[in-house]
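Examination of the molecular architecture
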Amino acid sequence: MEKSRMNLPKGPDTLCFDKDEFMKENFDVDHFVSDCRKRVQLEELRDDLELYYKLLKTAMVELINKDYADFVNLSTNLVGMDKVLNQLSVPLGQLREEVLSLRSSVSEGIRAVDERMSKQEDIREKKMCVLRLIQVIRSVEKIEKILNSQSSKETSALEEHSSLLTGQILERIATEFNQLQFHAVQSKGMPLLDKVRPRIAGITAMLQQSLEGLLLEGLQTSDVDIIRHCLRTYATIDKTRDAEALVGQVLVKPYMDQVIIEQIVESHPNGLQLMYNKLLEFVPHHCRLLREVTGGAISRFREIAGSLEAALTDVLEDAPAGSSYCLLASHRTWSSLQRCWSEQMFLPSLAHRLWRLTLQILARYSVFVSELSLRPISNESAKDIKKPLVTGGKDPAVTQGNSEDQGSGPSETKPVASISSTQLVYVVADLDRLQEQLPELLEKIKPKLEMIGFKNFSSISAALEDSQLSLSACVPALSTRIVQDLSESCFSYLKSALEVPRLYRRTNKEVPTTASSYVDSALKPFYQLQSGHKDKLRHTIIQQWLEGALSESTHRYYETVSDVLHSVKKMEESLKRLKQARKTASATPSGSSGGGMSDDDKIRLQLALDVEYLGEQIRRLGLQTQDVRSFPALAELVAAAKDQAAEQP
């Protein structure tokens, strides 16, 4: 039996319990009574149960009457069924053989396609290997060319700023060396790589030796520019550990050997204190240049990252007034990207680190949005979602009320961050806005990179495009959640069509002339979305959500209306058979009074009016009814029912 037919009859609003409690699989009488006693006395609970029991008996009688014709005609309909089944067995057997043959042909076709795709994938991988090897050769030749050029210049003459020039050359080599290492790792195991490996080893040794000499020279001469170039090169090739080891060997160890000696302790009563004080003097006096080069940048990086992380929390807050974003997390993400390349933050020597931080910020925001799409949807408004919901087997209100009795033991419930439907819309709006502004960010980055001689902007654009794809990949999951929430909200009212028969059967109600109020209630969330967020979202996105949600809810509405009309028809036919059997000339079909429209026809007319009004509202939303799933079939269904009602005498 379908879920829509399992709905219990609706009782008075004054009932002290929810009728749906009886349909739960884990329904427990003791828990039910205990829960109700918190709200009313047992006498009132008994009266409500007796009242609802009477409603159930009435609904059961109607259900039996509705299916009465099926029970009566069951034996008649089965006569000759064995012959019909035998006649169907032969064509069904032939159809089965044809289906199996077709399945075999399709399987062979799929297998052939898979083999070709596998070959193409193999060719593509081999092509990528060749391209990587070519890039390895090019990088090796480029580095060797730079080295040969530099060697000839050094032998010709020693310039005044030869150390700085050497630092710039090493920085260029380091950038190319990074690409060389990347492609070499990707080409691991290739025979050609083994032939080039000695040349790579030579470049590595030369680079490391030059960096060590340059760093020592910078420390000895207290040249900030040399130290900055050298440390930046170490960071570029991811060899900061080597720089730390070198500083420890040539700077830290000699000082420690000079300070930490046994004679000081033996010759002075406060020898340990003197030794300790001298050790404390090492960093401010002997590491001043290193702190000057590295300290400011690290603190600013931490400030940006900390500010962003503070906004990416379970509690979603609104963006500040005047922001082009809806949520604080999105606003902080964009402001962090802008700060990376602002005049106050940007340093040419930190360009590579700023670019890495830019990609990390986008990746972090993408992960944050992906996590948001997995949160449960709360019925609260966006402004009310200020703390996580509590999920568990108990009523939240009861859990909070008994919090004093729980002691210090572990809680059985865990706080789960939720998200409202409005906030989901905000996230999509912010994602769309951020993707629109990424080209603007690229134009801001280009002049900064040109300052350091960087010209390979195609790789920068490709990296930003990858980040943009990662952001756009989050949208479908969010849109699906929004459409599902809209659809559920809409159908929760549309299913009230099940109550239409009770409004007219044996109530002597007037012939309907207007649509039911539940249709307006069902469409209210759609109008709220369209009017409340039109300034935040593109019109196409909103219309896509409306069409998707209406298609889903209308399809379920079609099934509900179809069930109601089918039930009405069976009841009408059953009553007509009873009338003919009793041969009672005074009886009128389907509970009609006098010579007016029957109750069944009133039900048909009311459903037709509801569907017609639904179609008008769909068009008012800017959609075409033929684009909404199942609506054409629904309109045709109620039109036929309306014509049937009009034909009745």
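Just so you know, these numbers come straight off a predicted model, no measurement behind them. (Residues numbered from 1 in each chain as written. Predicted model: local features only at pLDDT ≥ 70, side-chain atom pairs only at ≥ 80, totals over all residues. Heavy atoms only, no water.)

1. Overview of the overall build of the protein
- Helix and strand counts for the protein come out as 23 helices and four strands.
- A total of 649 residues make up the protein; the buried ones form 35% of that total.
- Once local pairs closer than 6 in sequence are excluded, the contacts in the protein between residues at least 24 apart make up 76%.
- For the protein, the accessible area works out to roughly 39500 Å², and carbon and sulfur atoms hold 53% of it. (Helix = DSSP H or I, 4+ residues; strand = E, 2+ residues; numbered from the N terminus. Buried < 20%, exposed > 50% of the residue type's maximum accessible area, 1.4 Å probe, protein only. Contact = heavy atoms within 4.5 Å. Areas by Shrake-Rupley, 256 points an atom, 1.4 Å probe, with all protein chains shown as cover.)

2. Remarks on the pattern of salt bridges
- On inspection of all chains with the given rule, the structure shows 26 salt bridges.
- R505 serves as the salt-bridge partner of D600, at 3.0 Å between the closest nitrogen and oxygen. Separated by 95 residues along the polypeptide, D600 in helix α22 (residues 599-620) and R505 in the loop between α19 (500-504) and α20 (517-532) bring together distant segments of the chain.
- Residue classification places D600 among the buried positions, given a relative accessible area of 0%. (Salt bridge = Lys/Arg side-chain N within 4 Å of Asp/Glu carboxyl O.)

3. Considerations on the environment of F17
- Mapped onto the fold, F17 is located in the segment before α1 (29-37).
- For the pair F17 and C36, spaced 19 residues apart in sequence, the C-alpha separation works out to 6.7 Å.
- Not counting chain neighbours up to four residues away, the residues in contact with F17 comprise F22, F32, C36, R39, L45, D48, L49 and Y52.

4. Overview of unusual backbone geometry
- Even without being glycine, S222 reaches a positive phi, approximately 55°.
- Assignment of secondary structure puts S222 in the loop between α6 (191-221) and α7 (224-236).
- Residue classification places S222 among the partly exposed positions, given a relative accessible area of 41%.
- Notably, S630 is not glycine yet its phi reads approximately 70°, a positive angle.
- Within the fold, S630 resides in the loop between α22 and α23 (631-647).

5. Here we look at the packing of α1 against helix α2 (residues 42-66)
- In the contact formed by α1 and α2, the axes pass within 9 Å of each other and the chain directions differ by 120°. Judged on the interaxial angle alone, α2 and α1 are oblique. Seen along the crossing, α1 lies across α2 with a hand that is right-handed. Here α1 contributes F32, V33, C36 and R37 to the contact with α2, which in turn contributes L42, L45 and L49. (Axes fitted to C-alpha atoms, helices over the stretch in contact; angles between N-to-C directions. Parallel < 35°, antiparallel > 145°, perpendicular 65-115°, else oblique. Left-handed = near helix turned anticlockwise from the far one by under 90°.)

6. As for helix α17 (residues 457-472)
- Given a rise of 1.5 Å per residue, 16 residues ought to cover 22 Å, and the 22 Å separating the end C-alpha atoms of α17 matches this to within 8%.
- The complete set of buried residues in α17 reads F457, I460, A463, L464, S467 and L471. The arc that holds the buried residues of α17, viewed along the axis, is 125°, so those residues lie on one side. Exposed and facing more than 90 degrees away from the buried side of α17 are S458, D466 and L469.
- Elements in contact with the buried residues of α17: α14 (351-372), α16 (421-450) and α18 (475-494). (Expected span 1.5 Å × (residues − 1). Arc of directions from axis to C-beta.)

7. Some words on the confidence of the model for the protein
- Mean pLDDT over the protein stands at 83; residues scoring 70 or higher make up 85%.
- Low confidence marks residues 157-165, where pLDDT is under 50. Its contacts with residues over four positions away, or in another chain, come to seven contacts. (pLDDT = per-residue confidence, 0-100.)

8. Examining the packing of aromatic side chains
- Under the definition given, this model contains eleven aromatic pairs.
- Judged by centre distance (5.2 Å) and plane angle (50°), the rings of F22 and F32 are tilted. Here F22 is found in the segment before α1, whereas its partner F32 is found in helix α1, with ten residues between them in sequence.
- The class for F32 is buried, based on a relative accessible area of 8%.
- Residues F27 and F32 carry aromatic rings whose centres are separated by 5.6 Å and whose planes lie at 55° to one another, so their mutual orientation is tilted. (Phe/Tyr/Trp six-rings, centres within 6.5 Å; stacked < 30°, edge-to-face > 60°.)

9. Examining the nonpolar core
- Counting residues in hydrophobic clusters, the biggest one holds 87 residues, and the most contacted among them are W341, F526, W545, Y557 and L607.
- The greatest single-element share of this core, amounting to 13 residues, is contributed by α16.
- In contact with Y557, other than residues within four places in its own chain, are F491, L494, A497, Y518, D610, V611, L614 and L634.
- By size, the runner-up hydrophobic cluster in this structure holds 35 residues, among which are I203, V224, Y234 and L246. (Core = buried A, V, L, I, M, F, W, Y, C linked by side-chain atoms within 4.5 Å.)

10. Structural notes on the side chain of D432
- You can see D432 is positioned in helix α16.
- With a relative accessible area of 14%, D432 lands in the buried category.
- Here the side chain of D432 touches R538 through a polar contact of 2.9 Å, side chain to side chain.
- Apart from residues no more than four positions distant in its own chain, D432 is found in contact with R538 and I541. (Polar contact = N/O pair within 3.5 Å; in protein donor to acceptor, adjacent residues only side chain to side chain.)

11. Let's talk about the environment of M571
- For M571, the position within the fold is in helix α21 (residues 539-582).
- Sequence separation between M571 and D67 is 504 residues; the distance between their C-alpha atoms is 7.3 Å.
- If sequence neighbours within four positions are ignored, M571 has contacts with E62, N65, K66 and R505.

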